[in-house]
Amino acid sequence: GNPKGVMLSHDNFTWTAKQCCAYAKLGYGQDVLISYLPLSHVAAQLLDIHLPIRCGGTVHFAQPDALKGSLGVTLKEVRPTAFLGVPRVWEKMQEKMKEIGKSAPSFKRRIAGWAKGVGYRGSLSKMNSGSLPWGWSLANAMVFKKVRVGLGLDRCKYTFTGAAPISRETLDFFYSLDIPLLALYGLSECTGPHTLSMPHCYQINSVGKELPGASSRLHQPDAEGNGELCMSGRHVFMGYINMQEKTTEEVDSEGWLHTGDVARKDANGFLY
């Protein structure tokens, strides 16, 4: 259909930025970010403007050709403390690392393969609050740290993925390098994020848990618990500009925003 103008209030943005900072436990004046998405995009509005104002962060602007290849150079120059990559960004990193790996000497490939096995088991263990496997410290020193430095992610506490579905293959690849890709979910109509995953709170294929103060409910769930995801909170938009009828279709009389997305929740509150 035709594009719709999503009206977001000052309160939508300031409240969402506040909740994100609190949930991620961001300290004031400590974080460094890279702006590379269009500022007309809700993700960039929040991450590149409102969040840094709220937490006193420093924002570095990438080159206009960031998504054509120069983002990797900017990452190594800036070394951000938090980074949101759309799936294609993580896929490009994966492809480049695999290409480099093919030309490495066989003994280095064997070491990398062993380390990635340790890394994957360790990531799953950390996800479930377990202990790290034998060999973790050695694998970290020989492989994981070097990979992080090579990507410019050695200071990065939060490596997020969002805006589109990401493949299990790409998730597993980065888990094996001790770079957990933390999924988030949302849309323009809820000022960006509705759920977040954190290093201490994530599950494979889940988009995390709701921001504090945001609520979810599943409309007409089936026998397996899958239903339309509806959300409420101060992050829900004001409506579509000059489209009252369309707004009424999306937001019901109780203020719940109907996303049109099918979701389910597990026993621990993780949304899928």
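Please refer to the structure placed before this passage.
Here we summarise the structure given alongside this text. Each chain has its residues counted from 1, following the order in which its sequence is written. Residue-level local features of this predicted model are given only where pLDDT is at least 70; pairs of side-chain atoms are given and counted only at 80 or more, and the full residue set underlies all totals for whole chains, interfaces and linings. With hydrogens and water excluded, all non-hydrogen atoms of the structure serve as input to the side-chain values.

Moving on to the overall build of the chain. What the chain contains, in helices and strands, is 8 helices and 13 strands. With C-alpha atoms as the basis for the radius of gyration, the globule rule is written as 2.2 Å multiplied by the number of residues raised to the power 0.38. Relative to a compact globule of 272 residues, whose C-alpha radius of gyration would be 19 Å, the chain shows 20 Å and is just as compact. In terms of principal-axis extent, the alpha carbons of the chain reach across some 65 × 45 × 35 Å. Going through the 272 residues of the chain one by one, you find that 47% of them count as buried. Each accessible area is a Shrake-Rupley result for a 1.4 Å probe, and residues are judged covered by the shown protein chains and nothing else. In the form shown here, the chain has an accessible surface area of approximately 14,000 Å², with 54% of it arising from carbon and sulfur atoms. The sign given to each residue is positive for Lys and Arg and negative for Asp and Glu; His and the chain ends receive no count. Each charge is placed at NZ for Lys, CZ for Arg, CG for Asp and CD for Glu. Where the 30 positive side-chain charges of the chain centre and where its 24 negative ones centre are 13 Å apart. A run of H or I in DSSP counts as a helix once it spans at least four residues, and a run of E counts as a strand once it spans at least two, with each numbered from the N terminus. Think of it in three bands: with a 1.4 Å probe and only protein chains considered, a residue is buried below 20% of the maximum accessible area for its type, exposed above 50%, and partly exposed in between.

A few words on the sheet that holds strand β7 (residues 185-187). Within a sheet, adjacent strands bond to each other through the backbone by hydrogen bonds, running parallel or antiparallel. Only strands that DSSP links by at least two bridges are regarded as paired with each other. Read across the sheet, 3 strands follow the order β7-β8-β9 without closing on themselves; strand pairing throughout is antiparallel. At either end of the open sheet lies a strand with only one pairing partner, and these are β7 and β9 (209-210). Across 2 bridges, strand β8 (residues 192-196) lies against β9 in antiparallel orientation. Bridge pairing links leucine 196 to lysine 209 in β9.

Time to look at the side chain of serine 123. Looking at the secondary structure, you find serine 123 in helix α5 (residues 106-127). Taking relative accessible area as the criterion, serine 123 reaches 1% and is therefore assigned buried. At a separation of 2.6 Å, a polar atom in the side chain of serine 123 contacts the main-chain carbonyl oxygen of tyrosine 175. N or O atoms within 3.5 Å of each other form a polar contact, as long as, within protein, one can give a hydrogen and the other can take it, and as long as residues adjacent in sequence are counted only when both atoms are side-chain atoms.

The end-to-end C-alpha separation of α5 is 31 Å, in line with the 32 Å expected for 22 residues at 1.5 Å each. Within the span of α5, buried status applies to Ala115, Val118, Gly119, Gly122, Ser123, Ser125 and Met127. Turning to α5, the residues buried within the fold contact α6 (136-151) and α7 (168-175). Helix span, as expected, comes to 1.5 Å for every residue beyond the first. Contact definition: two residues touch when any of their heavy atoms are within 4.5 Å.

Let us now look at the sheet that holds strand β10 (residues 215-219). One open sheet accounts for 3 strands, arranged β10-β11-β13; its pairing is antiparallel. Since the sheet does not close on itself, it has two edges, and those belong to β10 and β13 (257-263), each with one partner. Averaged over all pairs of adjacent strands, the angle between strand axes in this sheet comes to 35 degrees, irrespective of strand direction. Sheet analysis places β10 next to strand β11 (residues 227-232), joined by 5 bridges and oriented antiparallel. Bridge pairing in β11 places leucine 218 opposite leucine 229. Between N-to-C directions, angles cover 0 to 180 degrees, with each direction set by a line fitted to C-alpha atoms, over the stretch in contact for helices.

What follows deals with the state of the cysteines. The disulfide definition used here is simple: a pair of cysteine sulfur atoms within 2.5 Å. Tallying each qualifying case throughout the model produces 0 disulfides. Free cysteine: cysteine 156, not disulfide-bonded; nearest cysteine sulfur from cysteine 55 at 13 Å. Under the relative-accessibility criterion, cysteine 156 is labelled buried at 8%.

The next point concerns the pattern of salt bridges. For this analysis, a salt bridge means a side-chain nitrogen from Lys or Arg found within 4 Å of a carboxyl oxygen belonging to Asp or Glu. A full pass over the atoms with the stated rule returns 13 salt bridges. Among the salt bridges present, the one from lysine 98 reaches glutamate 169, with a minimum N-O distance of 3.1 Å. Here lysine 98 is found in helix α4 (residues 87-102), whereas its partner glutamate 169 is found in helix α7, with 71 residues between them in sequence. Among the residues examined, lysine 98 registers a relative accessible area of 38% and is labelled partly exposed. Aspartate 172 is paired through a salt bridge with arginine 168; the nearest N and O atoms lie 2.9 Å apart. Remark: arginine 168 and aspartate 172 occur in helix α7; sequence separation between them is 4 residues, near one turn of the helix. Members of the salt-bridge network, linked through shared partners, are Arg88, Glu91 and Glu95.

Moving on to the packing of aromatic side chains. The aromatic pairing rule takes the rings of Phe, Tyr and Trp, using the six-membered ring of Trp, and pairs them if the centres are within 6.5 Å, calling planes under 30 degrees apart stacked, those over 60 edge-to-face and the rest tilted. Applying the stated criterion across every chain yields a total of 8 aromatic pairs. Judged by centre distance (5.6 Å) and plane angle (25 degrees), the ring pair of tyrosine 36 and phenylalanine 83 falls under stacked. One end of the pair, tyrosine 36, is in the loop between β2 (32-35) and α2 (42-55); the other, phenylalanine 83, is in strand β4 (residues 82-85), with 47 residues separating them in the sequence. In this structure, tyrosine 36 and phenylalanine 83 share a single accessibility class: buried. For the ring pair tryptophan 136 and phenylalanine 144, a centre distance of 5.2 Å and an interplane angle of 55 degrees mean the geometry is tilted. Note on tryptophan 136: relative accessible area 9%, which makes it buried. Residue classification places phenylalanine 144 among the buried positions, given a relative accessible area of 0%. Among the aromatic residues, those joined into a ring-pair cluster are Tyr36, Phe83, Trp90, Phe173 and Phe174. For a Lys NZ or an Arg CZ to count as sitting over a ring, it must be within 6 Å of the ring centre and within 35 degrees of the ring normal. A cation over a ring is seen here: lysine 209 above phenylalanine 270, with NZ or CZ 4.6 Å from the ring centre. The residue whose ring lies beneath arginine 264 is tyrosine 272, and the NZ or CZ to ring-centre distance is 4.3 Å.

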